[in-house]
Amino acid sequence: MLEIVLFYIASAVALAATIMAMTRTNAIHALIYLIVSLLGVAVIFYLIGAAFAAALEIVIYAGAIMVLFVFVIMMLNLGEAGSQREQQWLKPSIWLGPAILASILFVELLYVLSAVEGTASVGAIPVKEVGLTLFGPYVLAVEIASMLLLAGLVGSFHLGRRYLERSDEFFNQPNAVIKETNESNDSNEAAKTNEQNLSNQKTAPEVAWKD
Amino acid sequence: MEGLNVPLNHILLVASMLFAIGMLGLMIRRNIIFILMSLEVMLNAAALAFVAAGAHWGQADGQIMFMLILSVAAAEVAVGLGLVLQVQRRFKSLDMDNANRMKG
Amino acid sequence: MRDMIWLIPLLPMLSSISLMIFSGRLPKTLVAFMGAGSVALSALLTLLFAVNFLNNPEPVQLTLWTWIEVGSFNPGVAFYLDGLTLVMMSIITGVGFLIHLFSTEFMQDDDSYARYFAYLNMFVAAMLILVMADNLLLLYLGWEGVGVCSYLLVGFWYQSSDNGKAARKAFIVTRIGDTAMALGLFLLFSELGTLNIQAMGEVARTTWQVGDTMPLIACLLLLAGAAGKSAQLPLQTWLPDAMAGPTPVSALIHAATMVTAGVYLIARTHDLFLLAPTAMMTVAILGLATSLMAAFTALTQFDIKRILAYSTISQIGYMFLALGVGAWGAGIFHLMTHAFFKALLFLGSGAIIHCLHHEHDIFKMGGLRTILPVVFWSFIIGSAALAALPLSSGFFSKDQILLSAYLMPGVGPWLWFGGLVGALLTAIYSFRLVFVVFFGSVKTKPDNSPGLRMAIPLTVLCALAVVGGYFTIPVAEVFPPLGDHHPAFWVEAVSIAVPIVGVAIAYAVFLGGQLKVDGLKNATSGLRQFWFSHWGMDWLYDRVFVRPYYGLANLLSSEPLDRLYELVVSASQKLNQYLSDTQTGRMRSYVGSMIFGLIFVLALSLGVL
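Residues numbered from 1 in each chain as written. Chains lettered and ligands numbered in written order. Predicted model: local features only at pLDDT ≥ 70, side-chain atom pairs only at ≥ 80, totals over all residues.

**So, the overall build of chain C**
Definition in use: In DSSP terms, a helix is any run of H or I states spanning at least four residues, a strand is any run of E spanning at least two, and both are numbered starting from the N terminus. Working definition of burial: number of other C-beta atoms within 10 Å of the residue's own, with buried at 20 or more, exposed at 12 or fewer, and partly exposed in between, all C-beta atoms being placed from the backbone. What counts as a contact here is a pair of residues whose C-beta atoms, placed from the backbone, lie within 7 Å.
The helix and strand inventory of chain C stands at 25 helices and two strands. Residues classed as buried in chain C amount to 49% of the 609 residues present. Considering only contacts in chain C between residues 6 or more positions apart, those separated by 24 or more positions represent 80%.

Written as structure tokens, this is what we have:
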């Protein structure tokens, strides 16, 4: 009985927190709300017996991914001006259409899901069983997931490198750029010439502040 | 503990509501960070649906699926935030509409 | 001799081709010898053949080779000569030779001497093929040939664009008739299975009854072709303008030979026409109407050649009238006499024009009676024949026509009366011409007299115009007999008296001054203008055909049909524009459309949509 009430409370918290997260102008505020939402979902996981999933949700999702977001936001240092911009972009005329679309989708899903029968859970699922299933039938998925993570690792490493900034000099006109401090000591000459060859036919991107 | 006596479709409803909200955020926001956050919300909603379904049948497959979704989300966030950094460097702004070289 | 008749059209053809090849590099004397000489040789051969034929009146059928062989359709290049052909050949080569001789002096000072004779010889060759052909396809070949030569010769002095226009007008108007004739040929072949003229007659008699619609349609189409070539209603507007060509050309082509091709065609296919009495009546009425219209017009003209041109239209109308009432022999007889006196008149006017520095207006001429006596006598005799004064050749032929018309049951007397009115007018205008040009005071002085080469043809034609009426043309075997009735005596008397009355009227107005018509002139000046413009036919055709055609051509020159295809082009361009506008490059719009698509597909799969 208590669990049922708890379940509904947790769901309500998760929904409310998500709505708040979507509508904040300050990025950090939104992230905090998002973390709350994830915690609510974790509670739901625990209540239906998926304790391992609940733990993973908190540790990895809320603990790693959201923290990564926070780090990046802090690094980007958007500030008050960013908040102002966000407000400008959130006018009613903008979210009316998408709101309609989202509600239509929700209605459709409602229509589908209301035909589903059955109770939420039949009992807790022990973690051991999860582990056995993981390295039993799903061992291939584990390998592939690890390769995916490797790709993500390499990709994010490459995308975060500073030397890519130098290609900005080929794109930007002399009057436009606020140059960042160039402390790249890993200038890869081959990669740079590749970038040059690829980008010689392109035109310069827009550089101005978009307000 | 015993199974939760909540009808399955309630949980799925919650999941779809979360998904819709995330989609709404995806369509509305112009800042890349928020778009990525909306994507996370949507992924989370899908994961909730998976876990609920797995719990309904009493199998571990739902949680395994949840783990895979999690790893995908993690990889995607990493790469996505790298892209955010590049966009910030290039356009000096986080407006998504700046990246429209594919126009026409 | 009978096997050599193919030489008759061949000689002028060869002469024409060699003159075309070597034109400009031959001395004029040689050109004259070749040009006139080839026709002289043809005339000689025709004469020999005529002697042969008159002794042994058996038609000659000579096939040279098979032209086309498609299934059962195999017309050959084959000649069929009987009395009718002989008459036509004699006219063409005989009168043709005289005109060639006249031309050697008339065109003496022209630079394109060789070209002239080349065209003229080619014309003679084509006309000979026309009359000698034994099937309608070969006849059509000659038909087209003379049309082309007429175009080339009318526009001979091409440096002036008016001549070119006149030539084009001639060609285009006759072309309309030619197309109708071609349709007639198609119809005849599909119905009768052959285009051989003699065979066609027999097959037609067995296939069709008198009064059927098929022969009526075929004959009307052939009539349209004949009307085009012979300048009858409604295709007669080209002949007066065709006077832009040299005068011997007008004499040969537009008086004696080409314009008679239509008459020949109808006479040749008389077997078909006899099966369609309505068509024959159409021929007669058409001929009469044309004749009267042209006669009224000739009264008001002042260009000497145009008067003669309208006179030609009028006289050919008489021939059509004869054919229409069934008097085939009379029609052909009139054709022959008309060739004589009309060629005479044209050559005479050519002599005048030549001696008066190309002056055409009769009111600027006068008193030439004493200065150019040869021409004067030519005109007197020619006009007498034209007006059908008693004992001239024209008298006998026209008389036969009018009497045959009178004898026709039904509308006969009305046709006869119309013919009489025409005869009266003919007399008036022809002697108006004579009195104005040759009597009175001299207004333009000629600076030279016609030479021998002009005088000889004139003299010979004078003689022919006088004695030609006594010839009996050997066409009795060709045509069915007409019947042996004789009209009442008063009919003949009136027919004889009317031309004399006409001459008297002309004398009174133009020479003696007894009749003053100035008041009449002023009162009817509108009518006079109407007659002068040939009953407004040129104006009518301009409004009804030429202007709409030009309008249509202008409309189509902006390529309206291309607009349809351009529509396809512009539609696909617009589609491209629209589709590329959807590529905004912005993430949010892509996301939006993706979600929209998701919703749509979901709804579809749920069966809601």
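Past the structure itself, the notes keep going.
**Description of the overall build of chain B**
When helices and strands are counted, chain B shows three helices and zero strands. Listing the helices and strands of chain B from first to last along the sequence gives α-α-α. Here chain B holds 104 residues, and the buried ones make up 62% of them.

**So, the interface of chain B and chain A**
Tallying the contact residues gives 72 residues for chain B and 83 residues for chain A. Those elements that place two or more of their residues in the side of chain B that touches chain A are helix 1 (8–28), helix 2 (32–57) and helix 3 (61–91) of chain B. Of all the elements, helix 3 of chain B adds the most residues to the side of chain B that touches chain A, at 26 residues.

**Section: the environment of V498 of chain C**
All names here are of chain C. Mapped onto the elements, V498 comes out in helix 20 (residues 489–512). Since 21 C-beta atoms lie within 10 Å of it, V498 is described here as buried. Each C-alpha atom of the pair V498 and A427 lies 8.6 Å from the other, and the pair is 71 residues apart in sequence.

**Concerning the interface of chain B and chain C**
Counted only if it meets this: Each residue is assigned to one class: nonpolar for Ala, Val, Leu, Ile, Met, Phe, Trp, Tyr, Cys and Pro, charged for Asp, Glu, Lys and Arg, and polar for all the others, Gly among them.
Taken together, the contacts link 12 residues of chain B with 10 residues of chain C. Considering only residue class, the side of chain B that touches chain C consists of six nonpolar, two polar and four charged.

**So, the nonpolar core**
The line we're drawing: To form a nonpolar core, buried Ala, Val, Leu, Ile, Met, Phe, Trp, Tyr and Cys residues must be joined through C-beta atoms within 7 Å.
Ranked by size, the top nonpolar core spans 200 residues in total, and within it F123 and A343 of chain C carry the most contacts. Setting aside chain neighbours within four positions, we find F123 of chain C in contact with V146, C149, L153 and I253 of chain C.

**Examining the packing of helix 3 (residues 83–106) of chain C against helix 4 (residues 113–132) of chain C**
Residues and elements named next belong to chain C. Defined as follows: Helix axes are fitted to C-alpha atoms over the stretch in contact, other axes to C-alpha atoms as well, and angles between N-to-C directions run from 0 to 180 degrees. In what follows, roughly perpendicular refers to angles from 65 to 115 degrees, roughly parallel to angles under 35, roughly antiparallel to angles over 145, and oblique to any angle outside these ranges.
Relative orientation of the contacting elements helix 3 and helix 4 amounts to 170°, with a least axis distance of 9 Å. Considered as vectors, helix 3 and helix 4 are oriented roughly antiparallel to each other. The residues of helix 4 that touch helix 3, namely those facing T85, M88, M89, I92, G96, H100 and S103, are Y116, L120, V124, M127, L128, V131 and M132. Here the residues of the contact of helix 3 with helix 4 sort into 10 nonpolar, four polar and no charged.

**So, the confidence of the model for chain C**
Inclusion rule: One number per residue, pLDDT, summarises how confident the predictor is, and it ranges from 0 to 100.
When pLDDT is averaged along chain C, the result is 87, and 97% of the positions lie at 70 or above. Overall fold confidence (pTM) sits at 0.68, and the ipTM for the predicted complex is 0.91.

**Observations regarding helix 4 of chain C**
Convention followed: Expected helix span is given by 1.5 Å per residue-to-residue step, counting one fewer step than there are residues.
Look at helix 4 of chain C: 29 Å from first C-alpha to last across 20 residues, which is about the 28 Å you get at 1.5 Å a residue. Of all 20 residues that make up helix 4 of chain C, 19 are buried, and the element is covered over most of its length.

**Describing unusual backbone geometry**
Residues and elements named next belong to chain C. Look at the link from L233 to P234: it is a cis peptide, with omega at -10°. Position of P234 among the secondary structure elements: in the loop between helix 8 (213–229) and helix 9 (238–241). Of note in this structure, H534 is not a glycine but carries a positive phi near 55°. Mapped onto the elements of the fold, H534 is located in the loop between helix 22 (525–532) and helix 23 (537–557). Owing to 24 C-beta atoms within 10 Å, H534 belongs among the buried residues under this scheme. For E559, which is not glycine, the phi dihedral falls at a positive 55°. In this fold, E559 is placed in the loop between helix 23 and helix 24 (560–581).

**Describing helix 2 (residues 27–47) of chain A**
Its 21 residues give helix 2 of chain A an end-to-end C-alpha distance of 30 Å, which sits within 8% of 30 Å, the value for a rise of 1.5 Å per residue. Where helix 2 of chain A ends, the next residue or the one after it, G49 of chain A, has phi of about 100°, a positive value.

**A word on the environment of L183 of chain C**
Residue and element names in this part refer to chain C. Note that L183 resides in helix 6 (residues 161–192). In this structure L183 comes out as partly exposed when scored by C-beta crowding, with 16 C-beta atoms within 10 Å. Taking C-alpha positions, L183 is 10.0 Å from I217, a pair spaced 34 residues apart along the chain.

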